[in-house]
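Per-entry structural report
Take a look at the letters that make up each chain.
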Amino acid sequence: MGGQVDRSRGNAVLRACGCAAAGLFLIAGCTADGSPKDGAASRTPAASGSPSGPSGAGAGTAAAPSSGSGSELVPELDESKQPKTVAEARALLGRIIVAEQAIGPDVVRSTPFESDPGHWPVLDEGCVWQTASLPPDVLATSTRSFHIPAKDGRGRVRINATVTVHHNREESGWETARAMEEVLRCPGQKLREGEELKNLWGGAFYQGEQMNGWTEDAFTETGEYVSARDGGPHLYTWSQAQFGPVTVAISAKGATGITREAMNAFVVQGTSRMMVQAKQELGKAAG
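Residues numbered from 1 in each chain as written. Predicted model: local features only at pLDDT ≥ 70, side-chain atom pairs only at ≥ 80, totals over all residues. Heavy atoms only, no water.

Next up on the list: the pairing of strand β2 (residues 119-123). Sheet analysis places β2 next to strand β3 (residues 129-133), joined by 5 bridges and oriented antiparallel. Note that in β3 the partner of His-119 across the bridge is Ser-133. In textbook terms, the turn of a hairpin is the stretch between consecutive antiparallel strands, and for β2 and β3 this stretch comprises 5 residues, one of which, Cys-127, has a positive phi near 65 degrees. (Pairing = 2+ DSSP bridges. Helix = DSSP H or I, 4+ residues; strand = E, 2+ residues; numbered from the N terminus.)

Here it is in structure tokens:
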């Protein structure tokens, strides 16, 4: 992770900006190649370097929630179900990540469709996305790439679904904390030659904060997407949620003729579906 760990999740500036994202989290809670970032190996937003341990200056910033969820929408984690090997993590990932029909009726697979399981995107000091091997805290990760074809004057919308499996809840929490730090450090980011994100801002909410009652931790990044091929600026959104050792995320890059409401609908549908599946796999049975 670039920057200092003590630029933490409690950062007042980021929290203030993040309040604007609360509406998206509320909506979500109510719905039951190795290319960098959001190409075939789309980043889970914590894509920089090895994890910072809890003994660092910002140790309190990624504290795990208590074992009881305090919310009917977030079951208690069954730690005995957490994967311990890469093979177990990949099997779990396969049961959580969504297919195109889960996001919307017009969504189709892109080519390439699935990312290289051994690649991990890294945001370098120049705010350019690079590709590295998996960091020690990640057991498995995968990104699937989709799109909605251009039609009737509307441009092509690009959508990615990402699931990452860590060893435990603490590591997945630090992933979200580092994602927030990246937005602070790099409000403008280069995806690859001819593709950029601009004017990024983000916010994260623990369970119980700002109407987040559907996940242990929620993060949203919003800005503009500019491409030599697709033009722009177009709307860009990344939404991530955490349950236990798992993070799930959907990113969407807009196009001409796509409204913010339509973008949010794609993001919410995909993120909430994967979060439900993660809870079913790792949550304790009721009663």
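Having seen it, we continue.
Over its 17 residues, helix α4 (residues 169-185) extends 25 Å from the first C-alpha to the last, a length consistent with the 24 Å expected when each residue adds 1.5 Å. A large share of α4 lies buried, amounting to 15 of its 17 residues. Near the N-terminus of α4, the side chain that reaches the backbone nitrogen of Glu-170, with its oxygen 3.2 Å away, is that of Asn-168. (Expected span 1.5 Å × (residues − 1). Buried < 20%, exposed > 50% of the residue type's maximum accessible area, 1.4 Å probe, protein only. Polar contact = N/O pair within 3.5 Å; in protein donor to acceptor, adjacent residues only side chain to side chain.)

With that out of the way, let us pick up the nonpolar core. Across soluble globular proteins, you tend to see nonpolar side chains buried next to one another. Counting residues in hydrophobic clusters, the biggest one holds 36 residues, and the most contacted among them are Ile-96, Ile-103, Ile-159, Val-163, Val-246, Val-248 and Met-274. Elements with a minimum of two residues in this core: α3 (86-96), β4 (138-148), β5 (157-166), β9 (231-243), β10 (246-253) and α5 (260-282). Ranked by residues supplied to this core, first place goes to α5 with 7 residues. In contact with Val-246, not counting residues within four places along its chain, are Leu-92, Ile-96, Val-163, Thr-164, Val-165, Ser-172, Ala-241, Ala-278 and Leu-282. Formed by 16 residues, the second largest nonpolar core is a distinct cluster that contains Met-180, Val-183, Leu-191 and Ala-249. (Core = buried A, V, L, I, M, F, W, Y, C linked by side-chain atoms within 4.5 Å. Contact = heavy atoms within 4.5 Å.)

Scanning all chains against the criterion turns up 1 disulfide. Between Cys-127 and Cys-186 runs a disulfide, and the two sulfur atoms are separated by 2.0 Å. One disulfide, between Cys-127 and Cys-186, carries an S-S torsion of -75 degrees and so falls in the left-handed class. One end of the pair, Cys-127, is in the loop between β2 and β3; the other, Cys-186, is in the loop between α4 and β6 (189-192), and 59 residues separate them in sequence. Taken individually, Cys-127 and Cys-186 each receive the classification buried, so the pair is uniform in this respect. (Disulfide = S-S within 2.5 Å.)

Where α3 contacts α5, the axes come no closer than 8 Å and their chain directions differ by 135 degrees. Considered as vectors, α3 and α5 are oriented oblique to each other. For the pair α3 and α5, contact is made by Leu-92, Arg-95 and Ile-96 and by Met-274, Gln-277, Ala-278, Glu-281 and Leu-282, respectively. Among the residues making up the contact of α3 with α5, the classes are represented as 5 nonpolar, 1 polar and 2 charged. (Axes fitted to C-alpha atoms, helices over the stretch in contact; angles between N-to-C directions. Parallel < 35°, antiparallel > 145°, perpendicular 65-115°, else oblique. Nonpolar A, V, L, I, M, F, W, Y, C, P; charged D, E, K, R; others polar.)

For β5, the buried fraction is high: 10 of the 10 residues fall into the buried class. Across the two faces of β5 the burial is the same, with Val-157, Ile-159, Ala-161, Val-163 and Val-165 and Arg-158, Asn-160, Thr-162, Thr-164 and His-166 all buried. As paired elements, β4 and β5 share 10 bridges and run antiparallel to each other. The residue bridging Phe-146 from the neighbouring strand is Ile-159, located in β5. When β5 meets β10, the two strands line up antiparallel, connected through 8 bridges. What sits directly across from Thr-162, in β10, is Ala-249.

Here we take up the confidence of the model for the protein. Mean pLDDT over the protein stands at 78; residues scoring 70 or higher make up 71%. Of all helices and strands in the protein, the one with the weakest mean pLDDT is helix α1 (residues 12-18) (35), whereas α3 scores best (97). Within the model, pLDDT remains below 50 along residues 39-70, and this stretch shows 108 contacts once partners closer than five positions in the same chain are excluded. (pLDDT = per-residue confidence, 0-100.)

Applying the stated criterion to the full structure yields 9 salt bridges. Beyond isolated ion pairs, a larger network of salt bridges with shared partners links Arg-192, Glu-195 and Lys-253. (Salt bridge = Lys/Arg side-chain N within 4 Å of Asp/Glu carboxyl O.)

What the rule picks out here adds up to 1 aromatic pair. Consider the rings of Phe-113 and Phe-146, whose centres lie 5.6 Å apart with planes at 70 degrees: the pair is edge-to-face. Of the two residues, Phe-113 is situated in strand β1 (residues 108-114) and Phe-146 in strand β4; the sequence distance between them amounts to 33 residues. Judged on exposure class, the residue Phe-113 and its partner Phe-146 are both buried. (Phe/Tyr/Trp six-rings, centres within 6.5 Å; stacked < 30°, edge-to-face > 60°.)

A word on the environment of Thr-162. Within the element layout of this structure, Thr-162 appears in strand β5. Take Thr-162: its relative accessible area is 1%, and that puts it in the buried class. Each C-alpha atom, one on Thr-162 and one on Ile-96, is 9.8 Å from the other, the two residues being 66 residues apart in sequence. A distance of 2.7 Å separates polar atoms of two side chains, one belonging to Thr-162 and the other to Thr-143.

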